[in-house]
Amino acid sequence: GNWCGAMFQKWEAETDTRSHTQVKASIARNIKKEVAKLYPSLGDDLDKIFPKKHPVFLMKCLQRVTVVESRGFWWFYRVSDGPLIPTLRCLHKYPNLLPQVTVDKGAIKHVLKGSKIMSPGLTSKGGDITGDMKAGDPVAVMAEGMPVALAVGKLVMSAEEM
C-alpha cells in the first residue's frame, strides 16, 4: 500500500476522521509493546509517550490509516495492518527512530507540497541515501542543510538499487 501518500494529502479532521476512541488498557499495553519492539532506542522515553494510567486513543481515518494519540499528541500511525510508523512530530522529538535519507535543496518545496521523491533528489549532490535500506522500509526524509525531518516516507527501491 501507499502509506506515504495517505498522510501527505490535504487532511480535514471533520471529514477524514471515521472514529476517535479511547482504547482499553490491554490494547494500550499492546501498542506500547509493539512500539518498544519496533523502536528499542526509545528506552525510558516510552513512558513519557505512554505514561501509566494515561488514556491512549486510536483515530481511524480514511484510506485505512490509524493514528495513535497519547497526551494530546499524535505519535504513530499505521496503514492497514502495517507497522506503527512515527509521525513527523514524533521524529522531531526523537530524530533517530528511522533511517534517514536526505533530499537536495531543489526537492524541498516539492516534497512539502506532497510530491513523491524521485531518486535523483536523493542521489544528486546534496542528497544522501546510504546504508542498508530496503524497499518498503519507512524513512525520515531530511532536507539538505536542515536539522529536522520534513517528511516521513517509504522507500519503493532499496538504497542499492538507486
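Here the structure is shown first, and the text comes after it.
Residues numbered from 1 in each chain as written. Predicted model: local features only at pLDDT ≥ 70, side-chain atom pairs only at ≥ 80, totals over all residues. Heavy atoms only, no water.

*Asks:* I would appreciate a short explanation of the overall build of the protein in the present structure.
*Replies:* What the protein contains, in helices and strands, is seven helices and eight strands. A burial count over the protein gives 41% of its 162 residues as buried. Residue pairs at least 24 apart in sequence account for 51% of intrachain contacts in the protein once pairs closer than 6 positions are excluded. (Helix = DSSP H or I, 4+ residues; strand = E, 2+ residues; numbered from the N terminus. Buried < 20%, exposed > 50% of the residue type's maximum accessible area, 1.4 Å probe, protein only. Contact = heavy atoms within 4.5 Å.)

*Asks:* Would you take a moment to explain the packing of aromatic side chains for this structure?
*Replies:* We describe a pair of aromatic rings using the distance from one ring centre to the other and the angle between the two ring planes. According to the stated counting rule, one finds four aromatic pairs in the structure shown. Between Y39 and F76 the ring centres are 5.8 Å apart and the planes differ by 25°, which places this aromatic pair in the stacked class. Residue Y39 is located in the loop between helix 3 (25–38) and helix 4 (46–49), and its partner F76 is located in strand 4 (residues 73–79); the two are separated by 37 residues in the primary sequence. Look at F76 and you get buried, because its relative accessible area is 0%. The rings of Y39, F50 and F76 are connected pair by pair, giving a single aromatic cluster. Just above the ring of W75 sits the side chain of R89; from NZ or CZ to the centre is 5.0 Å. (Phe/Tyr/Trp six-rings, centres within 6.5 Å; stacked < 30°, edge-to-face > 60°. Lys NZ or Arg CZ within 6 Å of the ring centre and 35° of its normal.)

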